[in-house]
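So you can see what is in the structure, the chains are spelled out below.
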Amino acid sequence: MTAWTWRFEKADGTEVQPAVQPEEFTTQGDAESWIGEHWKALAEGGADQVRLFEDGSEIYGPMSLHAEAS
C-alpha cells in the first residue's frame, strides 16, 4: 500500500514537530485535503512550510503555510 506523508519544516528547511499530528494517508488527495483543513494550526504551531512524500520519495515542496500577502 502506498503511504503519503508530510514533512513539516521551518523556513530554513529544518524539520519541526507539527502542532497537529497527521496520519499516514493512502492517497495524495487525502493528504492534500488534510493539509487544507489544518494548515492554519500548523503555521501557528511553528511550521513554515511542508513537503509531500510518497513512500519516502518527495513529490513536491516546499509549500508555504503562510497566506500570500495581497
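Residues numbered from 1 in each chain as written. Predicted model: local features only at pLDDT ≥ 70, side-chain atom pairs only at ≥ 80, totals over all residues. Heavy atoms only, no water.

- An unreviewed UniProt entry lists the protein chain under the name Mtc1 family protein, from Streptomyces diastatochromogenes.

## Re the overall build of the protein chain
Step number 1: If you tally the helices and strands in the protein chain, you get one helix and three strands.
Step number 2: When its helices and strands are written in sequence order, the protein chain yields β-α-β-β.
Step number 3: Against the globule reference of 11 Å for 70 residues, the protein chain gives a C-alpha radius of gyration of 11 Å, in line with a compact fold.
Step number 4: Projecting the C-alpha coordinates of the protein chain onto the three principal axes gives extents of approximately 40 × 25 × 25 Å.
Step number 5: For the protein chain, the proportion of its 70 residues judged to be buried stands at 33%.
Step number 6: Within the protein chain, contacts between residues at least 6 apart in sequence are counted, and of these 49% link residues at least 24 apart.
Step number 7: Side-chain charges of the protein chain comprise 4 positive and 14 negative groups, with the mean position of each set lying 8 Å from the other. (Helix = DSSP H or I, 4+ residues; strand = E, 2+ residues; numbered from the N terminus. Rg over C-alpha atoms; globule rule 2.2 N^0.38 Å. Buried < 20%, exposed > 50% of the residue type's maximum accessible area, 1.4 Å probe, protein only. Contact = heavy atoms within 4.5 Å. Lys, Arg positive; Asp, Glu negative; His and termini not counted. Charge placed at Lys NZ, Arg CZ, Asp CG, Glu CD.)

## Topic: the environment of T14
Step number 1: By the secondary structure assignment, T14 is in the loop between β1 (4-9) and α1 (28-44).
Step number 2: In this structure T14 comes out as partly exposed when scored by relative accessible area, which is 41%.
Step number 3: Between the C-alpha atoms of T14 and D48, which are 34 residues apart in sequence, the distance is 10.0 Å.
Step number 4: The contacts of T14, once residues within four sequence positions are left out, are R7, F8 and E9.
Step number 5: Looking at T14, its side chain comes within polar contact range of the side chain of D12, at 2.8 Å. (Polar contact = N/O pair within 3.5 Å; in protein donor to acceptor, adjacent residues only side chain to side chain.)

## Digging into the nonpolar core
Step number 1: The biggest cluster of nonpolar side chains holds 14 residues, and the ones touching the most others in it are W6, F8, W34, I35 and L65.
Step number 2: When residues of this core are traced back to their parent elements, those giving at least two are β1, α1 and β2 (49-54).
Step number 3: Ranked by residues supplied to this core, first place goes to α1 with five residues.
Step number 4: Every residue in contact with W6, bar those within four places of it in the chain, is listed here: F25, A31, E32, W34, I35, V50, R51, L52, Y60 and M63. (Core = buried A, V, L, I, M, F, W, Y, C linked by side-chain atoms within 4.5 Å.)

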